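Here are the chains, one letter per residue:
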Amino acid sequence: MATRIDKEACREAYNLVRDDGSDICWASFKYDGSTIVPGGHGSDYEEFKSQCTDDARLFGFVRITTGDAMSKRVKFTLITWIGENISGLQRAKISTDKTLVKDIVQNFAKEFMISDPRELEEDYLRTELKKAGGANYDAQAE
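- As recorded in an unreviewed UniProt entry, the protein chain goes by Coactosin-like protein and comes from Phoxinus phoxinus.
- On record in UniProt, under Function (unreviewed entry), the comment for the protein chain is "Binds to F-actin in a calcium-independent manner. Has no direct effect on actin depolymerization. Acts as a chaperone for ALOX5 (5LO), influencing both its stability and activity in leukotrienes synthesis."
- UniProt lists a comment for the protein chain under the heading Subunit (unreviewed entry), and it reads "Interacts with 5-lipoxygenase (ALOX5/5LO) in a calcium-independent manner. Binds to F-actin with a stoichiometry of 1:2."

1. Here's the deal with the UniProt feature "domain: ADF-H" (unreviewed entry) in the protein chain
- Taking the UniProt record as the reference, the feature "domain: ADF-H" (unreviewed entry) is found at residues 2–130.
- Secondary structure over residues 2–130 splits into 33% helix and 34% strand, and the C-alpha atoms at its two ends are 37 Å apart.

2. Re the sheet that holds strand 6 (residues 110–114)
- If you walk across this open sheet you meet the 6 strands as 1-3-2-4-5-6, and the pairing is mixed. Single-partner strands in this sheet number two, and they are strand 1 (4–5) and strand 6.
- Bridge count for strand 2 (residues 26–32) against strand 4 (residues 57–67) is 5 bridges, and the pairing is antiparallel. Bridge pairing in strand 4 links Trp26 to Val62.

3. Some details on the packing of aromatic side chains
- Scanning the model with the defined rule gives 6 aromatic pairs in all.
- Taking the centre distance of 4.8 Å and the plane angle of 45 degrees together, the rings of Tyr14 and Phe61 count as tilted. With Tyr14 in helix 1 (residues 7–18) and Phe61 in strand 4, this residue pair connects regions lying 47 residues apart in the sequence. Like Tyr14, the residue Phe61 is buried in the burial classification.
- Three or more aromatic residues joined by ring pairs form one cluster here, namely Tyr14, Phe61 and Phe76.
- A cation over a ring is seen here: Arg18 above Phe76, with NZ or CZ 4.9 Å from the ring centre.
- Note that Lys110 overlies the ring of Phe112, its terminal NZ or CZ placed 5.6 Å from the centroid.

The rules behind these values
One numbering rule holds for all chains: residues counted from 1, following each sequence as written. Selection of residues for local features in this predicted model requires a pLDDT of at least 70, selection of side-chain atom pairs for listing and counting requires 80 or more, and totals for whole chains, interfaces and linings are taken over all residues. Only hydrogens and water are set aside; all other atoms, that is, all heavy atoms of the structure, feed into the side-chain values. UniProt positions are given in the numbering used here, feature names are shortened, and annotations may be inferred rather than shown by experiment. Runs of H or I in DSSP of at least four residues are treated as helices and runs of E of at least two as strands, each being numbered from the N terminus. We call two strands paired when DSSP finds no fewer than two bridges between them. To pair, rings of Phe, Tyr and Trp, with the six-membered ring standing in for Trp, must have centres within 6.5 Å; the planes then decide the type, stacked if under 30 degrees apart, edge-to-face if over 60, and tilted in the middle. Working definition: with a 1.4 Å probe on protein chains only, accessible area under 20% of the residue-type maximum means buried, over 50% means exposed, and in between means partly exposed. Two limits define a charge over a ring: the Lys NZ or Arg CZ must be within 6 Å of the ring centre, and within 35 degrees of the ring normal.

See the structure below:
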């Protein structure tokens, strides 16, 4: 059966993360049978990380603040999480299903495909987003 996505519900979760007036910093999108649905959202990134288990496959849209003492910027990232216990067929399918998610989650600075929990560390993501952002004017670092 072809995968579908609950566009309205997923778009609502996406917009919550993008809203500057909201403290929501992440939203996840998970599988409910053959339909991708919102898996949750929140203001604590650790809550998102707790959903990324060895038996899970999901997508995450995360807001991360980057910048230096002079300038703070908000960057968004799309994370595809594939747990270690996910079958080969499901691993392959998630790549094609990602196009459904990208129809909704359209604005992000960097995309990650992760199966190692260490790569979910917020500092790692922040560093990678800084690299993707181009010039680094932070005179305090390095």
